[in-house]
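Examination of the molecular architecture
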Amino acid sequence: MITRVGAVGPRDSVELICEVGQEFKKQLQVVPFIYNDVEETIDLIRDGEHQVDVWLFSGQAPYSIAKQHQLKQKAFVPQLNGSSLTKVLLEIVYRDGLSLDRISFDTISEAHFYETSSELGLSSERTYLLSYRDFKPTNELVAYHTTLYKQGLVDACATCMRAVYEELQARGIPVYRIRHNRMTIRSMLRLACQQGETLHFKKAQIAVQMIELEGLDSLIGEKQNTYEVRRLDLKLQETILHYAEKQSGSFVSLGNGSFILFSTRGSVEEDAQAHTTELLAKISLLTGLTANIGIGFGVTALAAERNARLALLHAKKMGGFCAVLVNDEGLIKGPLQRTDSIAFHYRTEDMELAEKVKQAGVSLTTYSKILSLQNSLGSHSITAIDVAEWLGMTQRNARRILADLEQHNLAQLIGEESPASRGRPRKMFRITPTPNRGNEQDKDVLG
């Protein structure tokens, strides 16, 4: 299986990734996604997410922007440290004879900068270093370097951003560009290969789907003609058969409007949303009854069936005409037929979190749903009305849950918003992913 790696970045960086990627041509194919402006990243991701298995970003900026799009695939970003930073420091100090005290840097973390400088035996009394997480606009970085240069505090600048490098050059300011080298890119591509192997294994997992109609017995009881009942049963099985054929699967009728379908994870994941929506619509048109679908993935048939039963249970709780998926990692996603479906976990290995949630008197599933809802809304905040509408509960119950989470440091009250009509201001909360660790920074390799 060839892994498709989407390389996102400016032209020179992507071309270098593609060049190094030739060394791995038996294992992966690099698909270039080139931007002229880093803010084009989201459009590139949206257009290309069905073409790739893994994303490889040229730097911190495009990755940070892409996170806003809630990446569906694993993503990697090489860090600008070690040999990449060493090369520029050697050029500055030993080739050009400049002092680090007279150079401004951006993006590089302080820890990496001082560690690399120390290893090279370089020291400085004062370093102009603008470190930051995520993304800063080009104009802010250009202004930072330009101001220092015009004030006579630095003799040159060093940047990790191509757009900043080009703008400073155009202004006649001496500038160095800190870029990834082949070794760093090669390491990221090896990780992409490993991820591709993992994806191939996952796609071969067993998928079990449980389809259940509600009230079929009463519908059959209304039909006095035996032939009419038989025709309905055959049409229903034909509909299920057509659904199974699309996924290269097989199905068994369990009677009383229940069916179980066996296939692979890869065939189901190709377009689960479209397929399940179409099936639910056809069943409704044919019978007028409510149907639900539970999809489970697992390494074994037993694990997949157990997850499918759990998914079907959640689908029924969501009010009918629902398809819900439970994967091998305990992630529940649904309703699949909605583009704004949410994903949440029903288990965790974080015992501290589990204990905090238990003390708050909230189930881990409910907490995970609320956290996932907050992420899907994209506002980094949530209100009792949001929780009530999405999770199908009263506003009073939603307010109680949020208050309990706040009391146990699993949520923060961050403000209020005025309703469009009359009424009391609504309290806005921010759910923290883990107790007292909500601001923990990302790792060097991200995804």
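Residues numbered from 1 in each chain as written. Predicted model: local features only at pLDDT ≥ 70, side-chain atom pairs only at ≥ 80, totals over all residues. Heavy atoms only, no water.

1. Things to note about the overall build of the protein
Cut-off, in case you're wondering: Helix and strand definitions here come from DSSP, where helices need a minimum of 4 consecutive H or I residues and strands a minimum of 2 consecutive E residues; each element is numbered from the N-terminal end. Note on exposure labels: buried denotes an accessible area under 20% of the residue type's maximum, exposed denotes more than 50%, and partly exposed covers the range between, all computed with a 1.4 Å probe on protein chains only. Pairs of residues are marked as contacts when any of their non-hydrogen atoms sit within 4.5 Å. Per-residue accessibility takes into account occlusion by the displayed protein chains alone, with areas from the Shrake-Rupley method and a 1.4 Å probe.
Scanning the protein from N- to C-terminus turns up 17 helices and 17 strands. Per-residue burial for the protein yields a buried fraction of 47% across its 447 residues. For the protein, contacts bridging at least 24 residues in sequence account for 60% of all contacts bridging at least 6. When the accessible area of the protein is evaluated, it comes to approximately 23100 Å², of which 48% is carbon and sulfur surface.

2. Things to note about the pattern of salt bridges
Note on pairing: side chains with opposite charge can pair once their charged atoms come close. Threshold: Put simply, a salt bridge is a Lys or Arg side-chain nitrogen that is within 4 Å of an Asp or Glu carboxyl oxygen.
In the structure shown here, the tally under the stated rule is 24 salt bridges. For the salt bridge of Arg182 with Glu19, the shortest nitrogen-to-oxygen distance reads 2.6 Å. Residue Arg182 is found in helix H8 (residues 182-203), and its partner Glu19 is found in helix H1 (residues 11-21); the two are separated by 163 residues along the sequence. By relative accessible area, which is 37% here, Arg182 ends up partly exposed. Judged by its relative accessible area of 44%, Glu19 is partly exposed. One salt bridge in this structure joins Arg400 and Asp404, with 3.0 Å as the shortest N-O distance. Of this pair, Arg400 and Asp404 are both found in helix H17 (residues 395-407), 4 residues apart, which corresponds to roughly one turn of the helix. By relative accessible area, which is 17% here, Asp404 ends up buried.

3. What about the packing of helix H4 (residues 83-95) against helix H5 (residues 110-119)?
So the rule is basically this: Fitted lines through C-alpha atoms give the axes, limited to the stretch in contact for helices. The angle between two N-to-C directions lies from 0 to 180 degrees. Here the word oblique covers every angle except those under 35 degrees (roughly parallel), over 145 (roughly antiparallel) and from 65 to 115 (roughly perpendicular). Helix crossings are classified by the rotation of the near helix relative to the far one: an anticlockwise turn of less than a right angle makes the crossing left-handed, while a clockwise turn makes it right-handed.
It is the contact of H4 with H5, at a shortest axis distance of 10 Å, that shows an interaxial angle of 60°. Here H4 lies oblique to H5, going by the angle between them. The handedness of the crossing between H4 and H5 is right-handed. Contacts between H4 and H5 involve Leu85, Thr86 and Leu89 on the former and, on the latter, His112, Phe113, Thr116 and Ser117.

4. Notes on the sheet that holds strand S6 (residues 128-131)
Note the cut-off: Note on pairing: DSSP must find at least two bridges between two strands before they are called paired.
Reading across the sheet, the 4 strands line up as S6-S5-S7-S8 and stay open at both edges, with parallel pairing between neighbours. Each having just a single partner strand, S6 and strand S8 (175-177) make up the two edges of the open sheet. Pairwise comparison of adjacent strand axes, ignoring direction, gives a mean angle of 15° for this sheet. Here 4 bridges tie strand S5 (residues 103-107) to S6, and the two strands are oriented parallel to one another. Within S6, the residue paired with Asp106 across the bridge is Leu130.

5. Regarding the sheet that holds strand S1 (residues 3-9)
As summarised here, the arrangement of the 4 strands in space is S2-S1-S3-S4, forming an open sheet in which the pairing is parallel. If you trace the sheet from one side to the other, it starts and ends with strand S2 (28-34) and strand S4 (74-76), each paired once. Averaged over neighbouring strand pairs, the angle between their axes works out to 25° when direction is ignored. As judged from the 3 bridges shared by strand S3 (residues 54-57) and S4, these two strands associate in the parallel manner.

6. Some points on the packing of aromatic side chains
So the rule is basically this: Pairing of aromatic side chains here covers Phe, Tyr and the six-membered ring of Trp, requires ring centres within 6.5 Å, and sorts the geometry by plane angle: under 30 degrees stacked, over 60 edge-to-face, intermediate tilted. Whether a charge sits over a ring depends on NZ of Lys or CZ of Arg being within 6 Å of the ring centre and within 35 degrees of the ring normal.
Evaluated as defined, the whole model comprises 6 aromatic pairs. Between the aromatic rings of Phe113 and Tyr114, the centroid separation amounts to 5.4 Å while the plane-to-plane angle is 85°, which identifies the pairing as edge-to-face. For Tyr114, a relative accessible area of 41% puts it in the partly exposed group. Through a chain of ring-to-ring contacts, three or more aromatic side chains come together here, namely Phe33, Trp55, Phe57 and Tyr63. The ring of Tyr132 carries the charged tip of Lys136 above its face, separated from the ring centre by 5.8 Å.

7. Thoughts on the confidence of the model for the protein
Definition in use: Note: pLDDT gives the predictor's confidence per residue, expressed from 0 to 100.
Scored by pLDDT, the protein comes out at a mean of 84, with 89% of its residues at no less than 70. In this model residues 435-447 is a low-confidence stretch, pLDDT under 50, and it forms 26 contacts with partners more than four residues away in sequence or in other chains.

8. Regarding empty space enclosed by the protein
Applied cut-off: Any residue with an atom within 4 Å of a point lines the site, the site being either a cavity, points on a 1 Å grid over the protein atoms alone where a 1.4 Å probe fits but cannot get out, or a pocket, an open set with protein on both sides within 12 Å along at least 5 of 7 lines. Grid points are joined across faces, edges and corners, and a volume is the space filled by probe spheres set on the points. Residues are grouped as follows: nonpolar covers Ala, Val, Leu, Ile, Met, Phe, Trp, Tyr, Cys and Pro; charged covers Asp, Glu, Lys and Arg; every other residue, Gly included, is treated as polar.
Scanning all chains against the criterion turns up 1 cavity of 30 Å³ or more. The computed volume of the largest cavity comes to approximately 50 Å³. What lines the largest cavity is Thr239, His242, Tyr243, Lys246, His275, Glu278, Leu279 and Lys282. For the lining of the largest cavity, the secondary-structure elements that each account for two or more residues are helix H10 (226-246) and helix H12 (272-287). Its residues assigned to classes, the lining of the largest cavity shows 2 nonpolar, 3 polar and 3 charged.

9. Notes on helix H2 (residues 41-48)
Spelled out, the test is: Here, the arc refers to the directions that run from the helix axis to the C-beta atoms.
If you check which residues of H2 are buried, you get Thr41, Ile42, Leu44, Ile45 and Gly48. One face of H2 carries all of its buried residues, which in axial projection span an arc of 160°. Looking at the buried positions of H2, the neighbouring elements they touch are S1, S2, S3 and helix H3 (60-67).

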